[in-house]
Amino acid sequence: MHNERYIPSNNGGEPVGLAFGKAILLGEHAVVLGAPALVVGLPDCMTARDGGPAETLSVSVEPWGLSIEADAKEDLGSRALSALDDALGEAGVPRTSRDRRVLVSAGVPPRAGLGSSAALAISVGRLVARLAGREDLLAPKKSAELVKGSETVFHGRPSGVDAAAAATGGVGAFARSLGLTPVEHPSTIHLLIASSGERPPAREMVQHVSRLAERTTAARRQLSQLGDLAIAGASLLIRSNLRGLGEAMNEAHSLLSKLGVSTKELDLLVEECRLGGAFGAKLTGAGGGGCVVALCPPDKAETMLCRLQKTASWARHFVIEGGGEVPGGSARRGRGSREDD
Ligand code: PMV
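Just so it is clear, the structure is predicted and the values come from calculations on it, not from any experiment. (Residues numbered from 1 in each chain as written. Predicted model: local features only at pLDDT ≥ 70, side-chain atom pairs only at ≥ 80, totals over all residues. Heavy atoms only, no water.)

Visitor: So, the site of the ligand: which residues are in play, and what are the values?
Guide: Among the 17 residues in the neighbourhood of the ligand, the closest are listed as Lys 22, His 29, Gly 113, Ser 159 and Ala 286. The separation between an oxygen atom of the ligand and a polar side-chain atom of Ser 159 is 2.6 Å. Note that an oxygen atom of the ligand is positioned 2.9 Å from one of the backbone N or O atoms of Ala 286. Summarising the interface, the protein chains cover 92% of the accessible area of the ligand, which totals 380 Å² for the free molecule. Taking a 2 Å distance to the grid points as the criterion, the majority of the atoms of the ligand fall inside the largest pocket. Going through the elements one at a time, strand S1 (16–26), helix H6 (161–168) and helix H7 (202–215) are the ones with two or more residues in the shell around the ligand. Of the residues assigned to the shell around the ligand, the class counts are eight nonpolar, six polar and three charged. (Near = heavy atom within 4 Å. Polar contact = N/O pair within 3.5 Å; in protein donor to acceptor, adjacent residues only side chain to side chain. Areas by Shrake-Rupley, 256 points an atom, 1.4 Å probe, with all protein chains shown as cover. 1 Å grid on protein atoms, 1.4 Å probe; cavity = no way out; pocket = protein on both sides within 12 Å on 5 of 7 lines; lining within 4 Å. Sits in = over half its atoms within 2 Å of the grid points. Helix = DSSP H or I, 4+ residues; strand = E, 2+ residues; numbered from the N terminus. Nonpolar A, V, L, I, M, F, W, Y, C, P; charged D, E, K, R; others polar.)

Visitor: Could you give an account of the pattern of salt bridges, with specific residues and numbers?
Guide: According to the stated counting rule, one finds nine salt bridges in the structure shown. The residue Glu 135 makes a salt bridge to Arg 130 at a minimum N-O spacing of 3.5 Å. A relative accessible area of 13% places Arg 130 in the buried class. One salt bridge connects Asp 136 with Arg 134, and the closest N-O pair in it is separated by 2.9 Å. The exposure class of Asp 136 is partly exposed, given its relative accessible area of 40%. A relative accessible area of 21% places Arg 134 in the partly exposed class. Each of the salt bridges in this network shares a partner with another, and the network as a whole consists of Asp 85, Arg 95, Arg 98 and Asp 99. (Salt bridge = Lys/Arg side-chain N within 4 Å of Asp/Glu carboxyl O. Buried < 20%, exposed > 50% of the residue type's maximum accessible area, 1.4 Å probe, protein only.)

Structure (structure tokens):
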């Protein structure tokens, strides 16, 4: 994982708070029950800047048209911000550093299964920590801990995968019991992420799947297969077998469909990515709307993006740099896939 990237250089002396978006490549829903998930922290997703002193901690996210103030009695966003403010206070950040107006630029849409709430809270928490001279709170584990309360406001009992990915970046395997373990991948990976425009009712989707798992052995088997695919996917990625990883993603999408969390729109986007030449594509996150993620050959990514931009409500191409050794092969840095070149 690219840990060095969470502490940005202070360009022109201006302090900023950074966070990553999140895309689950494999293992959503299974991760809630303790299985591992293969997750990517999406770069350049959330940047928080100081807008000066305010009466209370307040946040504006310009591209979302969102403006909230920390208030424990108001809407979800204000309650989540109030929980973050409390956590910063408990960590010893003085009120003078917390009562700020924070301006955030976001590179992912809100409530689309890309971990935007965790990323927003982490970027704001990091900015406030910087303003207070508390660099110790910028470390991924500390930042992720600070947003536990705000994530609970939004998600009930989240697995914690969003906060871990938002704080750390890179590719990792996440399990409730172990947290996030970096997955070193020699090949640079190209992801296309596209939103159907439907707002996913994430909490209801998680409840739906857990009820189904209580009632039917088929659902329990499907969830266990999703967890197995995440483990297999990590090892395929380590070996630079992107074609194999794509196939695992296709399989995961059909299991998620059987669990009833896909939609017609998500299926159409997945189909479009596959027809465009993706190694594999699936819904990502809780489902019931939100986004699909496609793993693409580098030379097809931009053409696919242009096509998706016509059909999806939002689409973006993410490049996740690889590096290091292909096990049993020669050292490769940031190039295409070993088996798929
Ligand atoms: O849709 P999102 O970004 O909230 O992702 C949810 C992922 C789940 O595995 C379905 C739930 C969780 O808490 O891990």
